[in-house]
Amino acid sequence: MNLLIKGARIVDFNKDFKGDIYIEKGKIKDFGSNLNYDCKTIHCDNLVVMPSFIDMHTHFRDPGFTYKEDLNSGSKAALKGGYTFVNLMANTNPICSSMEVVDYVLKKSEELNLIDIHQTVSITKDFDGKTLEHIDSLGKEIRFLSDDGKGVQESGVMYEAFKKAKEKGLIIIAHEEDASLASIDSRLSENIMTFRDIELVRTTKGRLHLAHVSTKESIEEIIKGKKEGLNITCEVTPHHISLYDNSYKVNPPIRNKEDVLALIEAIKAGYVDAIGTDHAPHSAEDKRGGACGISGLETAFSISYTALVRNGHISLNKLSQIMSSNPGNIVDINKGKIEIGYDGDLVVLDLNKEIEINSKEFVSKGKNTPFHGKKFWGEVVATIKNGNLKYNGGIEIDNR
Ligand code: DOR
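Bear in mind the structure is a predicted one, so any value in this text is a computation, not a measurement.

Cut-off values and rules
Residues numbered from 1 in each chain as written. Predicted model: local features only at pLDDT ≥ 70, side-chain atom pairs only at ≥ 80, totals over all residues. Heavy atoms only, no water. UniProt positions renumbered as here; feature names shortened; annotations may be inferred. Helix = DSSP H or I, 4+ residues; strand = E, 2+ residues; numbered from the N terminus. Buried < 20%, exposed > 50% of the residue type's maximum accessible area, 1.4 Å probe, protein only. Salt bridge = Lys/Arg side-chain N within 4 Å of Asp/Glu carboxyl O. Pairing = 2+ DSSP bridges. Axes fitted to C-alpha atoms, helices over the stretch in contact; angles between N-to-C directions. Contact = heavy atoms within 4.5 Å. Near = heavy atom within 4 Å. Polar contact = N/O pair within 3.5 Å; in protein donor to acceptor, adjacent residues only side chain to side chain. Areas by Shrake-Rupley, 256 points an atom, 1.4 Å probe, with all protein chains shown as cover. Nonpolar A, V, L, I, M, F, W, Y, C, P; charged D, E, K, R; others polar. pLDDT = per-residue confidence, 0-100.

1. Focus: the UniProt feature "domain: Amidohydrolase-related" (unreviewed entry) in the protein
Phase 1: This chain's UniProt record puts "domain: Amidohydrolase-related" (unreviewed entry) on residues 48-389.
Phase 2: The span residues 48-389 carries 35% helix and 18% strand; its end-to-end C-alpha distance comes to 16 Å.

Shown next as structure tokens:
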């Protein structure tokens, strides 16, 4: 698909200029000023165009819990939030411990033709906390392993998992929670597991990505590990950098102001690799029953932009880096940058628009959010994948 974007403020991790982008056969073919190509054109005066966002941490609940979300509703929520790539977690039913489930997800997603997906496989078979043999039979399309939501409780098993993952060139995504401490002290529970896994990386030389980091102590330990050169990356969620002293049920819980400030300082200093939404849609009934999670894809940009850029902490380049180029590098895909040959996956944004979040308007099946009724800056106006307009929130196309 060929498409010309005209007159936008174009921003990625290392560019910020007024100009045009030309996408040919789905890839970025040219960018600069005063480009002329005879094809479909979008005029973007007063709008910002960035590489679309890449989410390291998403739950679509398909197969098994499709009343909460399915690949169709989740992918549409992603597009409305400016995302064209998500990394799905394995806590489906059946749990994703085999290529059979991976193949089901990838095939269905391909048929939908909405966004691109990586399906994470569980570290232990069916989250049983001990069996690792299934890792031997994974296909080369698998890049991440995670027992997200549960974590691997036994240190000896996690030690073997790091070694096995390393042999296969896989990255372990860890939800850091010591189950034996969770109900006693959730902060200690996250910290202890973070310390343990960093120590395991130090010993095994494995590769770790730390999910939804929420405490000051955890991020400090990660910074220490990074300074030492350990092979670790981490993500923070929009809710953990914008809320504190709030009892909305999410795991890890919303922490204190000190924690929020420590996470923001770490982002400013370049120690946070990615914003991960931890998009966790639930039905109203499940939420009433105590389910943890926030439906986050549709609000991630506005919250992150407001908390980080509008509030003066980081530049828009830096936001693009943690929402697009860094996660693109971690996933190892040709997305997340405005570069010749990269996928023509872009998001069109109105940064001057103040929006009020209305969960009733979510296209996700999950309306669960603590942000309903709250105001933020920045709206996703359109999302483009491989030169095709996949979400249009009100942009005009000149069809030539
Ligand atoms: O709040 C959460 N919800 N945290 C998790 O780790 C899992 C997720 C879910 O799957 O609902």
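2. Quick word on helix α1 (residues 71-80)
Phase 1: Buried residues dominate α1, accounting for seven of its ten residues.
Phase 2: When α1 is considered as a whole, its buried residues turn out to be L71, S73, G74, S75, A77, A78 and L79.

3. As for the pattern of salt bridges
Opposite charge on two side chains permits them to pair, given that their charged atoms come into close proximity.
Phase 1: What the rule picks out here adds up to 27 salt bridges.
Phase 2: The partner of E111 in a salt bridge is K107, with the nearest N and O atoms 3.1 Å apart. Remark: K107 and E111 occur in helix α2 (residues 99-112); sequence separation between them is four residues, near one turn of the helix. Like E111, the residue K107 is exposed in the burial classification.

4. Notes on the sheet that holds strand β7 (residues 83-88)
Phase 1: Pairing in this open sheet of three strands is parallel, and the strands run β6-β7-β8 from one edge to the other. Since the sheet does not close on itself, it has two edges, and those belong to β6 (53-58) and β8 (116-119), each with one partner. Strand-to-strand twist across the sheet, computed as the mean angle between neighbouring axes with direction ignored, equals 15 degrees.
Phase 2: Note that β7 and β8 share four bridges and pair parallel. Looking across to β8, one finds that L88 is bridged to Q119.

5. Things to note about the sheet that holds strand β10 (residues 171-174)
Phase 1: Judged by pairing direction, the sheet is parallel, and its five strands sit side by side in the order β9-β10-β11-β12-β13 without closing on themselves. Of all the strands in the sheet, the pair left with one neighbour each is β9 (144-145) and β13 (274-275).
Phase 2: Of the strand pairs in this sheet, β10 and strand β11 (residues 208-210) are connected by three bridges, and their pairing is parallel. Looking across to β11, one finds that I173 is bridged to H209.
Phase 3: Packed on one face of the sheet, helix α6 (residues 216-227) meets β11 and β12 (232-236) and runs near 150 degrees to β12.

6. Details of the site of the ligand
Phase 1: Lining the immediate surroundings of the ligand are 14 residues, of which R61, N91, H175, N251 and H282 lie closest.
Phase 2: At a separation of 2.7 Å, a nitrogen atom of the ligand approaches a polar backbone atom of N251.
Phase 3: Computed on the free molecule, the ligand has an accessible area of 290 Å², of which 93% lies beneath the protein chains in the complex.
Phase 4: Across the shell around the ligand, the residue classes tally to three nonpolar, eight polar and three charged.

7. Remarks on the side chain of H118
Phase 1: By the secondary structure assignment, H118 is in strand β8.
Phase 2: Only 2.8 Å separates the side chain of H118 from the side chain of N87, close enough to count as a polar contact.
Phase 3: Not counting the four nearest positions on each side in its chain, H118 is found in contact with F85, V86, N87, L88, E141, I142, R143 and F144.

8. Considering the confidence of the model for the protein
Should pLDDT be low for a region, the predicted coordinates there are not to be read in detail.
Phase 1: Summary statistics for the protein give a mean pLDDT of 98 and a share of 100% for residues scoring 70 or more.
Phase 2: Here strand β17 (residues 397-398) is the element of the protein with the lowest mean pLDDT, 90, and β7 is the one with the highest, 99.

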